[in-house]
Amino acid sequence: QVQLVESGGGLVQAGGSLRLSCAASRRTASSYAMAWFRQAPGKEREFVAAISRSGGSTYYTDSVKGRFTISRGNAKNTCSLQMNSLKPEDTAVYYCAADPATVNDYEGGYAYWGQGTQVTVSS
């Protein structure tokens, strides 16, 4: 089984920045499509950003475009989410997801999930 571990969450003031990281426990030559989802209290989990297996294509939900950047590390089993100009409405648990197939923007399209990391943005 592939295990995903997120890190980098924390408390930040509105307008500040955080960088989230995700790493897979199994390192292989093959790459995975990777994505970030988030879930706020009382709300359903929502898509945030995704990156293709090659790293050549990225996708973002409208609410984070221009503020968040998803990228792959030199090792293709790693992924980061740089979050700038954070807003209180960005507060949520952020989850890393991965799949051996193509990128997509729905939960069912990803086979592997991390445990989540808390991001809290104060006003």
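Everything quoted here is computed from the prediction, not taken from an experiment.

Visitor: Before we move on, can you summarise the nonpolar core with the specific residues and values?
Guide: Among the nonpolar cores identified, the biggest contains 27 residues, and Met34, Trp36, Val48, Phe68, Leu81, Met83 and Tyr94 are the most heavily contacted of them. Contributions of two or more residues to this core are made by strand 3 (18-24), strand 4 (33-39), strand 5 (46-51), strand 7 (68-72), strand 8 (78-83), strand 9 (92-99) and strand 11 (117-122). Counting residues in hydrophobic clusters, the runner-up holds eight residues, among them Ala35, Phe37, Ala50 and Tyr110.

Visitor: Describe the state of the cysteines, naming the residues involved and giving the relevant values.
Guide: Considering all chains together, one arrives at one disulfide under this definition. The disulfide partner of cysteine 22 is cysteine 96, and the gap between their sulfur atoms is 2.0 Å. Between cysteine 22 and cysteine 96 the disulfide shows an S-S torsion of about -85 degrees. By sign, it is left-handed. Highlighted residues: cysteine 22 in strand 3 and cysteine 96 in strand 9, separated in sequence by 74 residues. Both residues of the pair, cysteine 22 and cysteine 96, count as buried. As a non-bridged cysteine, cysteine 79 has cysteine 96 as the owner of its nearest cysteine sulfur, 5.7 Å distant.

Visitor: Which residues make up the environment of tyrosine 32, and what values do they have?
Guide: Its location among the elements puts tyrosine 32 in the loop between strand 3 and strand 4. Along the backbone, tyrosine 32 and threonine 102 are 70 residues apart, and their C-alpha atoms lie at a distance of 8.1 Å. Ignoring anything within four residues of it in the chain, the contact list for tyrosine 32 reads Val2, Arg26, Ser52, Arg53, Arg72, Ala98, Asp99, Pro100 and Tyr112.

Visitor: I'd like a description of unusual backbone geometry, backed by residues and values.
Guide: One non-glycine residue, serine 85, lies in positive phi territory at about 50 degrees. Relative to the helices and strands, serine 85 resides in the loop between strand 8 and strand 9.

Visitor: Give me the lowdown on the side chain of serine 80, citing residues and values where you can.
Guide: Relative to the helices and strands, serine 80 is located in strand 8. Not counting residues within four places of it along the chain, the set of residues in contact with serine 80 comprises Arg19, Leu20, Ser21, Trp36, Thr69, Ile70 and Ser71.

Visitor: Outline the packing of aromatic side chains, supporting the account with residue identities and numerical values.
Guide: Geometry of an aromatic ring pair is reported as the spacing of the ring centres plus the angle between the planes. Throughout the structure, instances matching the rule amount to five aromatic pairs. Ring centres of phenylalanine 37 and phenylalanine 47 lie 5.6 Å apart, and the angle between their planes is 75 degrees; this geometry places the pair in the edge-to-face category. Of this pair, phenylalanine 37 sits in strand 4 while phenylalanine 47 sits in strand 5, and the two are ten residues apart along the sequence. A relative accessible area of 13% places phenylalanine 47 in the buried class. Where phenylalanine 37 meets tryptophan 113, the ring centres are 5.0 Å apart and the plane angle is 55 degrees; that geometry is what we call tilted. With a gap of 76 residues between them, phenylalanine 37 in strand 4 and tryptophan 113 in strand 10 (residues 112-113) connect regions that are remote in the sequence. One aromatic cluster is present, formed by Phe37, Phe47, Tyr110 and Trp113 through successive ring pairs. Between arginine 45 and the ring centre of tyrosine 95, over which it is positioned, the NZ or CZ distance is 3.9 Å.

About the cut-offs
- Residues numbered from 1 in each chain as written.
- Predicted model: local features only at pLDDT ≥ 70, side-chain atom pairs only at ≥ 80, totals over all residues.
- Heavy atoms only, no water.
- Core = buried A, V, L, I, M, F, W, Y, C linked by side-chain atoms within 4.5 Å.
- Buried < 20%, exposed > 50% of the residue type's maximum accessible area, 1.4 Å probe, protein only.
- Helix = DSSP H or I, 4+ residues; strand = E, 2+ residues; numbered from the N terminus.
- Disulfide = S-S within 2.5 Å.
- Contact = heavy atoms within 4.5 Å.
- Phe/Tyr/Trp six-rings, centres within 6.5 Å; stacked < 30°, edge-to-face > 60°.
- Lys NZ or Arg CZ within 6 Å of the ring centre and 35° of its normal.

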